[in-house]
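# Close look at the chain arrangement
Single-letter residue listing:
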Amino acid sequence: MKSANSTNSVIGSTRSQGPAFSRRGLLGAGLGAVLLTAAGVGTAHAAAPPAQRRAQAFLAAAMDAHPDHGSTRLAQSYTDQAGLFSTAFTYDNALAILALLAARTADGRERAVVLGDALLYAQQHDPVHDDGRLRQGYNVGPYTFYDGSRQPDGFVRADGSVNVGTQFGFTGTAVGDMAWAGIALSALARRTGERRFLGGAVRIGEWIERNGRTDEPLGGYKFGVNGVDEKLPFTSTEHNTDLLCLFGRLARLTGERVWLARRARAEDFVIRMWEPDGGFFYTGTNDGVTVNKSPIPEDTQTWTHLALDSRAHARSLDWAARELAVLDHAGRRNSTVPAGQSYEGVTFSSASLLANEDAPIADSQPRPDRNGVWFEGTAHLALALRERRRRGDEARARRLLGSIERAQDLLGGGQTVGGRALPERAGVVSASSPLDTGFGFGYYPYRHVGATAWYLMAATRSNPLRV
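Since the model is a prediction, treat every value here as computed from it, not as a measurement. (Residues numbered from 1 in each chain as written. Predicted model: local features only at pLDDT ≥ 70, side-chain atom pairs only at ≥ 80, totals over all residues. Heavy atoms only, no water.)

### Looking at the overall build of the chain
Broken down by element type, the chain carries 14 helices and 17 strands. Scaling as 2.2 N^0.38, a compact globule of 467 residues should have a C-alpha radius of gyration of about 23 Å, and the chain matches this with 20 Å. Seen through its principal axes, the chain has C-alpha atoms that stretch 65 × 55 × 50 Å. Classification of the 467 residues of the chain by burial places 61% in the buried group. (Helix = DSSP H or I, 4+ residues; strand = E, 2+ residues; numbered from the N terminus. Rg over C-alpha atoms; globule rule 2.2 N^0.38 Å. Buried < 20%, exposed > 50% of the residue type's maximum accessible area, 1.4 Å probe, protein only.)

What follows is the structure, given as structure tokens:
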């Protein structure tokens, strides 16, 4: 079963990144002193290229979309035109933290801390639960829903509880979303030395262990829970890949070896999803017993490389670049790309290439373009190619990044967040044209925090899944 991370419907490396920390060492030296040294804080960085500065400006605008509703805030995930109003997805905001830290600017760091504190606030002020969980999405500003009902609050309600995204049903908790939030908080812990961020990441890891661990034949960690706290039966390759990074980081930052055992459990599941004949990873299992062999998504090919850095499995990038390659242009049947423009990249999954172009993706949605470019996934691939460093990888990655940068320049003009105009040519749309993922939802040409954050990480060669 595929994760719903970053959708509008619903990671560890084997390379060392500094010294391992023991609990005694942290307590003796002080968390701040140890982690600030490890993170290399204070390194000078040249000014970012214009395309990256515009992407950073979009993330700032998405954070500031609802200024009258308090300083504790998350970023609105999509522009208003997407019809999701003020929804802020946990996954997107975790990515924004990682991208802002990758920018290595004072403003980026300050904004990343604000978002990290907002995730901690959500963890501590859920209206129902007090067990460390985060929900799939939150509301961060007022709006009137399609049925005429008014949603008047910002991220923090008058009673101090967080504003869970109930009107769209974004109330469940997915292991993947939680893992990414934990990864972002662990990155803040390393960068700032602040104990609260590590504490939040540990709570996330413990929630996943309690609610996701399974002893089914294929093992690993299951999908999470729905909005009424019922456990879901699926186990996702993507989610367990995320856990490679989270558990690996928690082992390093806390010095507790139990996290290494948990990481090994997640890694065992991921490796079991490898198809050696085809050179790719399957999406996971629906029942814990049988591998789900269709559709085959893009992110299980790229994230696995970013997390594992395994030569034995590096062919997954070639599979994604070859089997999911698309070229979108105005001459295609359902393309929304303006005349004279074209974009290359990858689509979401093998099913996207077979989508029914005669039927809408969902009710009241447009018909899909089989060659619609998924820019978030295209950025995954560009970054993974840069990490692999084989002959031709950098050139291919640069070509993909160029396609994303053209999209930032030319697609999604006139869109707004919180009713406010965006900085000119700022923010990457999630897809060049409407595309069907094959997992029950679509992506559309709306500027998106998740796609923009992944572009920034690819452009700055910042691997978020490296321990």
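### Re the packing of aromatic side chains
Tallied over the full model, the rule gives 28 aromatic pairs. For the pair Phe-145 and Tyr-146, a centre-to-centre distance of 5.3 Å together with 55° between the ring planes defines the contact as tilted. For Phe-145, a relative accessible area of 16% puts it in the buried group. For Tyr-146, a relative accessible area of 58% gives the class exposed. Measuring from ring centre to ring centre gives 4.5 Å for Phe-348 and Trp-374, while their planes differ by 55°; the resulting arrangement is tilted. (Phe/Tyr/Trp six-rings, centres within 6.5 Å; stacked < 30°, edge-to-face > 60°.)

### As for the confidence of the model for the chain
Looking at the chain, the pLDDT average stands at 91 and 90% of residues meet or exceed 70. Counting contacts from residues 1-44, a segment whose pLDDT is below 50, to residues more than four positions away or on other chains yields 144 contacts. (pLDDT = per-residue confidence, 0-100. Contact = heavy atoms within 4.5 Å.)

### Digging into the environment of Arg-265
In this fold, Arg-265 is placed in helix H9 (residues 258-272). For the pair Arg-265 and Arg-425, spaced 160 residues apart in sequence, the C-alpha to C-alpha distance is 44 Å. Other than its neighbours up to four places away in sequence, Arg-265 contacts Arg-213, Thr-214, Asp-215, Gly-219, Gly-220 and Tyr-221.

### Brief notes about helix H8 (residues 237-254)
Between its first and last C-alpha atoms H8 spans 26 Å; for 18 residues at 1.5 Å apiece the expected length is 26 Å, and the two agree. Within H8, 18 of the 18 residues are buried, leaving the element largely enclosed by the surrounding structure. Put simply, Ser-236 is the residue that caps the front of H8, since its side-chain oxygen is 3.1 Å from the backbone nitrogen of Glu-238. Just beyond H8, the residue with positive phi is Gly-255, at close to 75°. (Expected span 1.5 Å × (residues − 1). Polar contact = N/O pair within 3.5 Å; in protein donor to acceptor, adjacent residues only side chain to side chain.)

### Comments concerning the pattern of salt bridges
Throughout the structure, instances matching the rule amount to 29 salt bridges. One salt bridge in this structure joins Asp-229 and Arg-133, with 2.8 Å as the shortest N-O distance. In this pair, Asp-229 is assigned in the loop between strand S6 (224-225) and strand S7 (235-236) and Arg-133 in the loop between helix H5 (106-124) and strand S2 (137-139), connecting sequence segments 96 residues apart. The exposure class assigned to Arg-133 is buried, which follows from its relative accessible area of 4%. A salt bridge links Glu-394 to Arg-461, with the shortest nitrogen-to-oxygen separation between them at 2.9 Å. Separated by 67 residues along the polypeptide, Glu-394 in helix H13 (residues 393-410) and Arg-461 in the segment after helix H14 (449-459) bring together distant segments of the chain. Among the residues examined, Glu-394 registers a relative accessible area of 24% and is labelled partly exposed. (Salt bridge = Lys/Arg side-chain N within 4 Å of Asp/Glu carboxyl O.)

### Examining the pairing of strand S12 (residues 325-329)
Of the two faces of S12, only one is covered, namely that formed by Val-326 and Asp-328; the face formed by Ala-325, Leu-327 and His-329 stays uncovered. Relative to strand S13 (residues 342-346), S12 is paired through five bridges, and the arrangement is antiparallel. Each residue of the ladder has a partner; that of Val-326, found in S13, is Gly-345. (Pairing = 2+ DSSP bridges.)

### Observations regarding the sheet that holds S7
Strand order in the open sheet formed by three strands is S7-S10-S11, with antiparallel pairing between adjacent strands. Edge positions in the open sheet fall to S7 and strand S11 (291-292), since each of these has one partner strand only. Looking at chain direction, S7 and strand S10 (residues 284-285) are connected through two bridges and run antiparallel. Residue pairing across strands places Ser-236 opposite Gly-284, the latter belonging to S10.

### Considering the environment of Asp-126
Within the element layout of this structure, Asp-126 appears in the loop between H5 and S2. For Asp-126, a relative accessible area of 9% corresponds to the buried category. A sequence separation of 40 residues divides Asp-126 from Ser-86, and the C-alpha atoms of the two residues are 18 Å apart. In contact with Asp-126, other than residues within four places in its own chain, are Arg-135, Val-162 and Val-164. A polar contact is formed between the side chain of Asp-126 and the backbone nitrogen of Val-128, at a distance of 2.8 Å.

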